[in-house]
Amino acid sequence: MASRRIVITGIGAITPLGNDLDTVWSAMLAGKSAVRPIRSFDTTGLPTRFAAEIDGFDGKNYVEKSHRKSLRMMARPIQFAVAAAHLALVHGQVDKSKLDPTRFGIEFGAGLIASELPELVDAAQVSANCQPGRVDLAAWGEKGLGLIQPLWMLKYLPNMPACHISILHDAQGPNNSITESDAASLLALAEATRILARDGADFFLVGGCESKINPLSLVRQCLFEELSKRNDDPAKACRPFDVARDGMALGEGATVLVVEGLDHAQKRGAQVLAEIVGYGSAFDRNLDGAGLARACETALNMAGIAAEDLDHVNAHGYGAIKEDAWEAQGLARVVGTKVPVFAAKGYFGNMGAASGTTELSLSILGLRQGVMPGTLNHETTDPNCPIQVQPVAPRPVSKPYALKVGFTHMGQCSAIVLKK
Amino acid sequence: MRRRVVITGMGAITPVGHSVKAMMDAQLAGTSGVGPITHFDASKFPTTFASQVKDFELARYVAGAERWANAGLNSRFAAAAAQQALADAGLLDDGKIDRSRFGVYLGSGEGVQDFHNMIWQIAQTYRPDKREIDYPAFMAGALEVFHPGREAEQELHTTAAHLASHFHLDGPNFTCLTACAASSQAIGEAVDMIRQGEADLMLAGGAHSMIHPFGVTGFNLLTALSTRNSEPQRASRPFDLHRDGFVLGEGAGMLVLEDFDSARRRGATIYAEITGYGTTADAFRVTDSHEEGRGAIACIKQALVDSGLSVEQIDYINAHGTSTQVNDQVETLAIKRVFGEQAYKIPISSSKSMLGHLIAAAGVVELITCVETLHRGWLPPTINYETPDPECDLDYVPNQARQHKVRHALSNSFGFGGQNISLIVSKV
């Protein structure tokens, strides 16, 4: 990597296990899962009826009074993002008045945001009452359209998390929204790191947000047939690399990191939580792990370390049958069975575009606190997963480096190497 | 010294032509791509017209088009434009270069939602007595009628994954969606990835189609679209006093970006060098750009500094020029603030006057237009420019293409929500 060193100095997280890191961390060390039957709407009849939901979230708690009106323009994941950004700035003890707004950037991972169906009811009623499965577009255009609130579309655009955060905190530097599904927020972190290295900014908020726990998204996820159907025991549903895994559990939330040049962090007297020493991205064309391995090797090379120097690999670990196998095969190419592999999704499911920064935060905490939580629900390693999976019990940390990976089911892979 | 990044392949599927050459010929002839919407019945929408891609059949462009059987127009346009760009660069075959050093960075949009089934299900399962939707009924119905393959193809990462998979682009893979700035931002960051040695080649660009019921609904609600339904081809009139909004377009553009040394080594045709990149945010409002063009000014300046060029060296500006009141006025102001007196001497035109607004794909197609001006020595006009706006008093190349020598050209893209991108291309 270029001569500038890039560090993480703050973390803000809105997760199904809690909205502050201490709560999340102790829940994980206690082996607690946030996956349970969905409560926010009636899921009767669906093949999967559980997820890791965030209870009692209220965006108003995280936004200054003068800006609360803007929450109405934000769908749920955008509110998570705004809240996590606020928490990250607090955690990083950032005095915004001392930041140069033009050197303050935002990088966010985000995905499709589902429309809230009640907002479309009036328009639907006046235009979908004739032929089954058909909308009378003339009626929609003439009468329906006007029954939807004017700013409707803005509430759901994937670049809005980054836009609202830039407005709330006067971040006039580079502003990007990476929309590469479950790899999005790790790619956003890689990009922010590269921009800091080229001296295109001094200070970034980097995050990801997602919520698919709503009727429309859940139907779509059920159609994709990648969800676990273990409705009788949701807490045990997501089982990374376990022989009895049967699919993903959905989660939701947002995690935002404060990322800056070491020079900038030192100047403002910030506490350094971890250093980003390498990153990589590659495409896994045959879904056999070769591309994932290349992404990891690129990141390790940039860090200038060998696989043996890693304390652990923080895996993507969907708990999905096909993906866990090719992920493990890819990781095995890089670390063999020498390095413990940890996966977080047993605790809070797949947080989608938020999963990268959320899960990476656990390695930051682990390296600092000297202990890593175990891989929840991992009981018997699948023979198709030729890696050393860290079991359920916590494990003392022995080395200063961690490798975090993430990918999409189509093979877009990302990797980050962290140093304590 | 940083690595130089050049363009060695280009492809475009647009409302005015299905190749770079056809698109540029049409622009120089002042051809509008706008007409009544035929993708769906928009006859009673506030806006009834758009700039559609015509007679497009993916199988005419790529072998194995079945891969895109469930994909939306966005991914289909992307595939055809990528095929053209890679063929143009001589890089369709695996042998010539290390494919693991060849990545993808798209600024591309979403697929098309199943509007009819979704709205029908909402209407059927709404219980007026309880004033709520019966969600189990909605979901049971949706599970029946939604098509799993088509639903999957709506996701934002699918377009880039298909390209990487089909064309064996095994390097870094990124997708961004920053509204109207997306493909320009993708190109800018892809350039930086090559500069910093993370890849030797990148397929960069974008694809989008929002000419569907939800898209037109959303933009109509924001009153962002022109409603000049009586004269669709005269609706997109950037910088004209009587402009009343943008015209929705669709399409894709792709570039092969390559390390200069790599391009030279393999004897590739070099179309241009990307010499400048600026990226900023307005941090102002979700709905409007900053009144004084704060972010846009900083962005253009950043691109100039990055290129090492002076304001006198910029020979042409392809404007964002959407034909909305605010954009055209603020963009004019920003150009004047950056270029000073020189602003009056630089010809500026808006391709959107002819192509409409390709949203995420707009930037790349407009950058390709800039590259073409380097070689053709002709500037595309801003058509429908009839009545000067006192707030917009620069040279917008009104209505007629103009012969003009171009060595360095600037392309601006400003996204809804405040992302600003400027790119500079230079003759090599």
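Residues numbered from 1 in each chain as written. Chains lettered and ligands numbered in written order. Predicted model: local features only at pLDDT ≥ 70, side-chain atom pairs only at ≥ 80, totals over all residues. Heavy atoms only, no water.

**Topic: the overall build of chain B**
For clarity, the threshold we go by: Every helix listed is a DSSP run of H or I at least four residues long, and every strand listed is a run of E at least two residues long, numbered separately from the N terminus. Throughout, radius of gyration means the C-alpha value; the globule benchmark is 2.2 Å times the number of residues raised to the power 0.38. For the exposure calls, accessible area comes from a 1.4 Å probe over protein chains only, and a residue counts as buried if that area is under 20% of its type's maximum, exposed if over 50%, partly exposed in between. When checking whether two residues touch, look at their non-hydrogen atoms; a contact exists if any pair is within 4.5 Å. The Shrake-Rupley method, run with a 1.4 Å probe, gives the accessible areas here. Residue values count only the displayed protein chains as cover. When charges are counted, Lys and Arg contribute as positive and Asp and Glu as negative, whereas His and the chain ends are disregarded. A charged residue contributes its charge at one atom only: NZ of Lys, CZ of Arg, CG of Asp or CD of Glu.
Helices and strands together make up the secondary structure of chain B, namely 13 helices and 16 strands. Taken against the 2.2 N^0.38 rule, which gives 22 Å for 428 residues, the C-alpha radius of gyration of chain B at 21 Å falls within 12% of a compact globule. Each of the three principal axes of chain B carries a C-alpha extent, and together these read 70 × 55 × 40 Å. The buried share of chain B, taken over its 428 residues, is 69%. Within chain B, contacts between residues at least 6 apart in sequence are counted, and of these 78% link residues at least 24 apart. Counting only carbon and sulfur atoms, one obtains 49% of the accessible surface of chain B, whose full area is about 13100 Å². Computed over 36 positive and 48 negative side-chain charges, the inter-centroid distance for chain B is 4 Å.

**Topic: unusual backbone geometry**
All names here are of chain A. Despite not being glycine, D170 shows a phi value in the positive range, around 55 degrees. Within the element layout of this structure, D170 appears in the loop between α5 (160-169) and β5 (175-178). Residue classification places D170 among the partly exposed positions, given a relative accessible area of 31%. Its identity as a non-glycine residue notwithstanding, F241 has a phi of 60 degrees, on the positive side. Mapped onto the elements of the fold, F241 is located in the loop between α7 (215-224) and β7 (252-261). On the accessibility criterion, F241 (0% relative accessible area) is buried.

**Quick word on the interface of chain A and chain B**
This is how the line gets drawn: Summed over both partners, the accessible area lost on bringing two parts together, with a 1.4 Å probe, is the buried area. Criterion for a salt bridge: a side-chain nitrogen of Lys or Arg within 4 Å of a carboxyl oxygen of Asp or Glu. Counting of polar contacts relies on pairs of N or O atoms within 3.5 Å, with two restrictions inside protein: one atom must be capable of donating a hydrogen and the other of accepting it, and residues adjacent in sequence are counted only when both atoms are side-chain atoms. Polar here means any residue other than Ala, Val, Leu, Ile, Met, Phe, Trp, Tyr, Cys and Pro, which are nonpolar, and Asp, Glu, Lys and Arg, which are charged; Gly is therefore polar.
The interface of chain A with chain B comprises 78 residues on the first partner and 83 residues on the second. Taking both sides of the interface into account, the surface hidden between chain A and chain B amounts to around 7100 Å²; carbon and sulfur atoms contribute 68%. Contact with chain B buries surface across chain A, with L137, L223 and R285 of chain A losing the most and accounting together for 9% of the total. Across the chain A-chain B interface, the total number found is eight salt bridges. With a closest N to O distance of 2.9 Å, E189 of chain B and R194 of chain A form a salt bridge. In this structure, the connection of chain A to chain B is made through 34 residue pairs in polar contact (both at pLDDT 80 or more). Residue assignment for the side of chain A that touches chain B shows that the elements contributing at least two residues are α3 (121-127), α4 (137-144), α5, β5, α6 (184-197), α7 and β8 (274-283) of chain A. Of all the elements, α7 of chain A adds the most residues to the side of chain A that touches chain B, at seven residues. Looking at the side of chain A that touches chain B, its residues break down into 43 nonpolar, 24 polar and eleven charged.

**Considerations on the domain arrangement of chain B**
Residue and element names in this part refer to chain B. The condition is simple: Domain delimitation in this document rests on an assignment produced automatically or drawn from a domain database.
Assigned domains within chain B: domain 1 (5-112 + 154-426) and domain 2 (115-152). Placing a centre on the C-alpha atoms of domain 1 and another on those of domain 2 gives a separation of 36 Å. Listed by partner, the interface residues are six residues for domain 1 and eight residues for domain 2. The largest contributions to the domain 1 side of the interface with domain 2 come from N70, Q154 and F214, which together make up 75% of the buried area. Put simply, domain 1 and domain 2 have zero salt bridges between them. Between domain 1 and domain 2 we count four residue pairs in polar contact (both at pLDDT 80 or more) in total.

**With respect to the packing of α6 of chain A against helix α12 (residues 355-369) of chain A**
All names here are of chain A. As a reminder of what qualifies: Inter-axis angles, ranging from 0 to 180 degrees, are taken between N-to-C directions of lines fitted to C-alpha atoms, where helices are fitted over the stretch in contact. Convention used here: angles under 35 degrees read as roughly parallel, angles over 145 as roughly antiparallel, angles from 65 to 115 as roughly perpendicular, and any remaining angle as oblique.
α12 packs onto α6 with a crossing angle of 75 degrees between their chain directions and a minimal axis gap of 5 Å. Considering the angle they form, α6 stands roughly perpendicular to α12. Listed contacts from α12 to S185, L186 and L189 of α6 are S355, G356, T357 and L360. Taken together, the residues that form the contact of α6 with α12 break down as three nonpolar, four polar and no charged.

**Side note on the packing of α7 of chain A against helix α4 (residues 135-145) of chain B**
For the record, the criterion: In this scheme the handedness of a crossing depends on how the near helix is turned from the far one: anticlockwise by less than a right angle means left-handed, clockwise means right-handed.
Packing of α7 of chain A against α4 of chain B brings their axes to within 10 Å, and their N-to-C directions diverge by 35 degrees. Once α7 of chain A is placed against α4 of chain B, the crossing between them reads as right-handed. Contacts from P215, L216, V219, C222 and L223 of chain A of α7 of chain A reach α4 of chain B at Y135, F138, M139, A142 and L143 of chain B. Grouping the constituent residues of the contact of α7 of chain A with α4 of chain B by class yields ten nonpolar, no polar and no charged.

**Digging into the pairing of strand β1 (residues 6-14) of chain A**
For a regular strand, side-chain orientation follows a simple rule: the groups alternate between the two sheet faces. Residues and elements named next belong to chain A. Spelled out, the test is: Here a strand pair is declared whenever DSSP counts at least two bridges between the two strands.
In terms of residue burial, β1 counts as a mostly covered element, since nine of its nine residues are buried. Where β1 and β8 come together, three bridges link them in antiparallel fashion. Paired with V7 across the strands is E275, a residue of β8. Bridge count for β1 against β7 is eight bridges, and the pairing is antiparallel. Each residue of the ladder has a partner; that of I14, found in β7, is A254.

**Describing the side chain of T9 of chain A**
Residue and element names in this part refer to chain A. As for its position among the elements, T9 is in strand β1. A polar contact of 2.5 Å, which involves the side chain of T9, links it to the side chain of E260. A polar contact is formed between the side chain of T9 and the side chain of R268, at a distance of 3.1 Å. Leave out the neighbours within four places in its chain, and T9 touches H91, G92, V258, E260, A265, R268, A270, Q271, V272 and L273.

**Here's the deal with the domain arrangement of chain A**
Residue and element names in this part refer to chain A. The domain architecture assigned to chain A consists of domain 1 (7-116 + 152-267), domain 2 (117-147) and domain 3 (278-419). For domain 1 versus domain 2, the separation of C-alpha centres amounts to 33 Å. The interface of domain 1 with domain 2 comprises seven residues on the first partner and four residues on the second. Both faces considered, domain 1 and domain 2 share a buried interface measuring about 450 Å² in area, 58% of it formed by carbon and sulfur atoms. On inspection of domain 1 and its partner domain 2, the count reaches one salt bridge. Measuring nitrogen to oxygen at the nearest pair gives 2.4 Å for the salt bridge that ties E119 to K155. For the interface between domain 1 and domain 2, the tally reads four residue pairs in polar contact (both at pLDDT 80 or more).

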